[in-house]
Amino acid sequence: ESGLYSVIYDEKNNQLILGGFTLVEDPEWLILVASRDLGLIKVIKPGFKGAVTGLAIDGNGFIYATDGSRVAKLSMEGEVLAVNNEVGGVKAHYSPLDQRVIIASSNGVYLMSRDKLEVKDFIKYPGGKPLVVNPGCIGVYGRQLYIPLTQVDSRNKWNWVITAVKLRKGFIDKIIGRN
């Protein structure tokens with residue numbers, strides 16, 4: 001029993017990295033490495049409880065994963081290299097221009113160092129209504145990030161929200177829009 005929430009393409013190694021969970025009753029992180037034709041190459045189980053909802057990869061092949069409770073950096077062999085248990089998010093992205101790991105949570109956007117996963121910057125989303133980040137990806141154009149969210153007004157009233165965040169030399173410049 002298992003499920004997947006996230007997928008990224010590793011251009012350097014020409015393969016897919018997939019993230020999710022195993023054991024529905026007591027879920028644990030599951031990361032799969034697969035060929036482009038979906039042949040299984042490797043199974044990585046780092047031993048964390050929960051489910052991987054966001055993945056990113058840097059140019060050196062290090063994997064960054066998040067599950068809402070933590071962010072972890074892993075080698076392609078599955079070795080846990082760094083963990084930040086104070087930041088959790090749902091979406092992840094690696095910015096090669098800024099050499100930062102970006103984590104989108106329901107609270108806002110974190111920019112983290114790629115080595116020790118230290119928070120270098122954080123910005124809250126504008127507005128006063130609760131926002132929910134669901135599994136999926138962050139759209140990117142240069143140093144501009146587009147983060148899809150769900151605004152929950154009440155149990156029966158939900159709206160989509162898109163937030164644009166602009167990065168500047170490794171830090172968050174500003175949130176430039178929200179619709």
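Engineer: Help me out: how do you make sense of the overall build of the chain in this one?
Structural biologist: In terms of regular secondary structure, the chain is built from 0 helices and 17 strands. Scaling as 2.2 N^0.38, a compact globule of 179 residues should have a C-alpha radius of gyration of about 16 Å, and the chain matches this with 16 Å. Each principal axis of the C-alpha atoms in the chain carries an extent, and together these give about 45 × 40 × 30 Å. A buried classification covers 49% of the 179 residues belonging to the chain. Considering only contacts within the chain whose residues lie at least 6 apart along the sequence, 35% involve residues at least 24 apart. In the structure as shown, the chain presents an accessible area of about 9300 Å², 49% of it carried by carbon and sulfur atoms. Charged side chains of the chain number 22 positive and 18 negative; the gap between the two group centres comes to 9 Å.

Engineer: Can you help me understand the nonpolar core in this one?
Structural biologist: The tendency in soluble globular proteins is for nonpolar side chains to be buried side by side. If you look at the biggest cluster of nonpolar residues, it comprises 16 residues, and the most contacted ones within it are I102, V109, Y125, I147 and L149. Only strand 10 (100-104), strand 11 (108-113), strand 15 (144-154) and strand 16 (157-168) provide two or more residues apiece to this core. Judged by nonpolar contacts, the second largest core, of 15 residues, contains W29, F48, L55 and M76.

Engineer: I keep staring at the sheet that holds strand 12 (residues 119-124) and nothing clicks. Help me out?
Structural biologist: Backbone hydrogen bonds are what pair the strands of a sheet, in a parallel or an antiparallel way. Spatial ordering of the open sheet is given by 9-10-11-12, a layout of 4 strands whose pairing is antiparallel. Strands with a single pairing partner mark the edges of an open sheet, and in this sheet they are strand 9 (91-95) and strand 12. Recorded for the sheet is a direction-independent mean angle of 20° between the axes of neighbouring strands. Direction of pairing for strand 11 relative to strand 12: antiparallel, over a ladder of 5 bridges. Bridge pairing in strand 12 links L111 to D121.

Engineer: Mind showing me how you'd approach the sheet that holds strand 7 (residues 71-74) here?
Structural biologist: One open sheet accounts for 4 strands, arranged 5-6-7-8; its pairing is antiparallel. Every other strand in the sheet has two partners, leaving strand 5 (54-57) and strand 8 (80-84) as the edge strands with one partner each. Each neighbouring strand pair of the sheet contributes to a mean axis angle of 15°, computed without reference to strand direction. The sheet contact formed by strand 6 (residues 63-66) and strand 7 spans 4 bridges and is antiparallel. Across the sheet, Y64 pairs through a bridge with K73, a residue of strand 7.

Engineer: Can you help me understand the pairing of strand 2 (residues 15-22) in this one?
Structural biologist: The side chains of a regular strand alternate, first on one face of the sheet and then on the other. Taken across its 8 residues, strand 2 has 8 buried, putting it largely inside the fold. As judged from the 8 bridges shared by strand 1 (residues 2-10) and strand 2, these two strands associate in the antiparallel manner. Within strand 2, the position partnered with G3 by the bridge is F21. Here strand 1 hands over to strand 2 after 4 residues, with N14 in that stretch at a positive phi of 55°. Bridging between strand 2 and strand 3 (residues 28-35) involves 8 bridges; their strand directions are antiparallel. If you follow I17 over to strand 3, its bridge partner there is V33.

Engineer: Explanation requested: the packing of aromatic side chains in the structure shown.
Structural biologist: Two measures describe an aromatic ring pair: the distance that separates the ring centres and the angle between the ring planes. Per the counting criterion, the structure on display carries 4 aromatic pairs. With a centroid separation of 5.7 Å and 40° between ring planes, the pair formed by Y5 and F21 is classed as tilted. Of this pair, Y5 sits in strand 1 while F21 is found in strand 2, placing the two residues 16 residues apart along the sequence. For Y5, a relative accessible area of 41% corresponds to the partly exposed category. Classification of F21 by relative accessible area gives buried; the value is 14%. With a centroid separation of 4.5 Å and an interplanar angle of 40°, the aromatic rings of Y110 and F122 are classed as tilted. Of the two residues, Y110 sits in strand 11 while F122 sits in strand 12, which places them 12 residues apart along the sequence. A residue is classified by how much of its surface remains accessible, and Y110, at 14% relative accessible area, is buried. For F122, a relative accessible area of 30% translates into the label partly exposed. Across from the ring centre of F62, 4.4 Å away, lies the NZ or CZ of K73, which sits over that ring.

The rules behind these values
- Residues numbered from 1 in each chain as written.
- Predicted model: local features only at pLDDT ≥ 70, side-chain atom pairs only at ≥ 80, totals over all residues.
- Heavy atoms only, no water.
- Helix = DSSP H or I, 4+ residues; strand = E, 2+ residues; numbered from the N terminus.
- Rg over C-alpha atoms; globule rule 2.2 N^0.38 Å.
- Buried < 20%, exposed > 50% of the residue type's maximum accessible area, 1.4 Å probe, protein only.
- Contact = heavy atoms within 4.5 Å.
- Areas by Shrake-Rupley, 256 points an atom, 1.4 Å probe, with all protein chains shown as cover.
- Lys, Arg positive; Asp, Glu negative; His and termini not counted.
- Charge placed at Lys NZ, Arg CZ, Asp CG, Glu CD.
- Core = buried A, V, L, I, M, F, W, Y, C linked by side-chain atoms within 4.5 Å.
- Pairing = 2+ DSSP bridges.
- Axes fitted to C-alpha atoms, helices over the stretch in contact; angles between N-to-C directions.
- Phe/Tyr/Trp six-rings, centres within 6.5 Å; stacked < 30°, edge-to-face > 60°.
- Lys NZ or Arg CZ within 6 Å of the ring centre and 35° of its normal.

Read these as spatial facts, not as claims about activity.
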